[in-house]
Amino acid sequence: MLDVRRLRLLVELSRRGTLTAVAEALSYSPSSVSQQLALLEREAGVPLLVQVGRRVQLTPQALVLVEHGRAILDRLEEAEAEVARSLTAVGGTVRIAVFQSAAHAVVPQALTLLRAEHPALRVEVTEREPEVGLFEVAARDFDLVVAEQYPGHTRSHREELDRVHLAADAIRLALPPHPVSRPTNLAQAAGLPWVLEPEGTASREWAEQLCREAGFEPDVRFETADLMAHIRLIRSGNAVGLLPDLVWAGEAPSVRLVDLPGHPEREVFTSTRQAAATRPAVVACRDALARAARATATPSSAAAS
């Protein structure tokens, strides 16, 4: 009989690539992971790992076990969800990964709703970049992720995850409230200093492409993933940038906003493992997030020009 816990280690190794990464993710020592996988080899009766340089590689037989291991872990999660659905109260713990502006705008109100409606439910929230959060949900580090997708940018498809639309979030050109000059469109912001998110992020790639389509390369003086820092730099007159409406969390914008060509929107969505999608605690969190998103008003038309 194969040990399910050891099967999970093999599944994690196929996903994370190294024994060290598996050990860090599951709070084991690398030697303990190695020992458990050696025991799994004995149970299976076939070699599962081969040494390739300083790394290990899964054998074809190991890959067969990985596929079965994933299915077994999914079935166990489905069984847990079905047991939970038989209870009258929603409880347990849900671990949610969120990106910054969603954490700022949607999560606090969702937590308030959950605390009032499901007092036995514990919700743990951690800020993660969307790509990292999606990986970690697939790897069972989190139960739910709130992620984003920019126009024209597609994320890697993970067949073990579902995807539920949460909100369409308008993106606008953000300018100082009292500038010396008053650009009225994106092209007129060409000669100004910009603040953008770090290189390699979906938002940065999208922003640079948008500026290029308007005929210029943005003069990026400030680079940070912290959108609250973007707001302060823009409000103080030191930069211009592109801000999604969610950063205001329903409050009046403190900068001048200008609509962009085509009125672009990023999609905000949630993802969980297919096997966890019917778990009452996950369903409750998604419902609260959806209601919080609907209650978050976009910046008033008076703030945009």
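Since the structure is predicted, the reported quantities are computational estimates derived from the model, not experimental observations.

Parameters and conventions
- Counting restarts for each chain, with residues numbered from 1 along the sequence as it is written.
- Given that the model is predicted, a residue must reach a pLDDT of at least 70 before its local features are reported, and side-chain atom pairs must reach 80 or more before they are shown or counted; all residues, however, enter totals for whole chains, interfaces and linings.
- Where side-chain values are given, they derive from all heavy atoms of the structure, hydrogens and water being excluded.
- Helix and strand assignments come from DSSP, with helices taken as H or I runs of at least 4 residues and strands as E runs of at least 2, each series counted from the N terminus.
- The cut-offs for exposure are 20% and 50% of the maximum accessible area for each residue type, with area from a 1.4 Å probe on protein chains only; residues under the lower value are buried, those over the upper are exposed, and the others partly exposed.
- To form a nonpolar core, buried Ala, Val, Leu, Ile, Met, Phe, Trp, Tyr and Cys residues must be joined to one another through side-chain atoms within 4.5 Å.
- Note on definitions: a residue-residue contact is assigned when non-hydrogen atoms from the two residues lie within 4.5 Å.
- Aromatic pairing here means that ring centres of Phe, Tyr or Trp (its six-membered ring) are within 6.5 Å. Orientation follows from the plane angle: under 30 degrees is stacked, over 60 is edge-to-face, and everything else is tilted.
- We call a charge positioned over a ring when the NZ of a Lys or the CZ of an Arg lies within 6 Å of the ring centre and within 35 degrees of the ring normal.
- For every element, the axis is a line fit to its C-alpha atoms; helices are fit only across the contacting stretch, and the angle between N-to-C directions ranges from 0 to 180 degrees.
- Roughly parallel refers to an angle under 35 degrees, roughly antiparallel to one over 145, roughly perpendicular to one between 65 and 115, and oblique to any angle outside these ranges.
- Note on residue classes: Ala, Val, Leu, Ile, Met, Phe, Trp, Tyr, Cys and Pro are nonpolar, Asp, Glu, Lys and Arg are charged, and everything else, Gly too, is polar.
- Crossings are assigned a handedness: left-handed for a near helix turned anticlockwise from the far helix by less than a right angle, right-handed for a clockwise turn.
- Grid spacing is 1 Å over the protein atoms alone, the probe is 1.4 Å, and a cavity is where that probe fits but cannot get out, while a pocket is an open set with protein on both sides within 12 Å along at least five of seven lines and lining residues have an atom within 4 Å of a point.
- Grid points are joined across faces, edges and corners, and a volume is the space filled by probe spheres set on the points.
- Expected span of a helix: the number of residues minus one, times 1.5 Å.

Our next topic: the environment of Ala-138. Residue position: Ala-138 is located in helix α7 (residues 130-138). With relative accessibility at 2%, the residue Ala-138 sits in the buried group. For the pair Ala-138 and Arg-273, spaced 135 residues apart in the sequence, the C-alpha separation amounts to 6.3 Å.

With that settled, the discussion passes to the nonpolar core. One finds Ile-96, Val-106, Leu-121, Val-146, Val-268, Cys-285 and Leu-289 to be the most contacted residues of the largest nonpolar core, which totals 26 residues. Among the elements of the structure, β3 (92-98), α5 (100-105), α6 (107-117), β5 (144-149), β6 (164-175) and α10 (280-295) are those that each provide at least two residues to this core. Counting residues per element, this core draws most heavily on α10, at eight residues. With sequence-adjacent residues up to four places away left out, Val-146 is seen in contact with Ile-96, Ala-97, Val-98, Phe-99, Ala-102, Leu-166, Val-268, Phe-269, Thr-270 and Leu-289.

This paragraph deals with the packing of aromatic side chains. A full pass over the atoms with the stated rule returns two aromatic pairs. Considering the side-chain rings of Tyr-150 and Trp-206, the 5.7 Å spacing of their centres and the 40 degrees angle between planes classify their relative orientation as tilted. Note that Tyr-150 is positioned in the loop between β5 and β6 and Trp-206 in helix α8 (residues 202-213), a separation of 56 residues in sequence. With respect to class, Tyr-150 is no different from Trp-206; both count as buried. One cation-aromatic arrangement involves Arg-163 over Phe-269; the distance from NZ or CZ to the ring centre is 3.8 Å.

Let us look at the packing of helix α2 (residues 19-26) against helix α3 (residues 30-44). Running from amino to carboxyl end, α2 crosses α3 at an angle of 105 degrees, the nearest separation of the two axes being 8 Å. In terms of their interaxial angle, α2 and α3 are classed as roughly perpendicular. Only Pro-30, Val-33, Ser-34 and Leu-37 of α3 make contact with α2, whose side of the interface consists of Leu-19, Thr-20, Val-22 and Ala-23. For the contact of α2 with α3, a count of residues per class yields six nonpolar, two polar and no charged.

What follows is about the packing of helix α1 (residues 4-16) against helix α4 (residues 60-85). At a closest axis distance of 9 Å, the pairing of α1 and α4 adopts a crossing angle of 115 degrees. By the angle class used here, α1 and α4 are roughly perpendicular. Pair α1 / α4 crosses with left-handed handedness. Here α1 contributes Val-4, Leu-7, Arg-8, Leu-10, Val-11, Ser-14 and Arg-15 to the contact with α4, which in turn contributes Ala-62, Leu-65, Val-66, Gly-69, Arg-70, Ile-72, Leu-73 and Leu-76. Of the residues belonging to the contact of α1 with α4, the class tally is ten nonpolar, two polar and three charged.

Space inside the largest pocket adds up to approximately 390 Å³. Looking at the lining of the largest pocket, the elements with two or more residues in it are α1, α4, β3 and α10. In terms of residue class, the lining of the largest pocket is built from eleven nonpolar, two polar and eight charged. Counted as a void, the second largest pocket has a volume near 240 Å³. Take the lining of the second largest pocket: its biggest share by element is four residues, from α4. Looking at the lining of the second largest pocket, its residues break down into two nonpolar, one polar and eight charged.

What follows concerns α1. Count 3.6 residues to each turn of an α-helix, and residues three or four apart come out pointing the same way. Relative to the 18 Å expected for 13 residues at 1.5 Å per residue, α1 spans 18 Å between its end C-alpha atoms, a close match to the ideal helical length. Listed as buried for α1 are Arg-6, Leu-7, Leu-9, Leu-10, Val-11, Glu-12, Leu-13, Arg-15 and Arg-16. At its buried positions, α1 is contacted by α2, α3, β1 (49-52), β2 (55-58), α4 and α7. Just beyond α1, the residue with positive phi is Gly-17, at close to 95 degrees.

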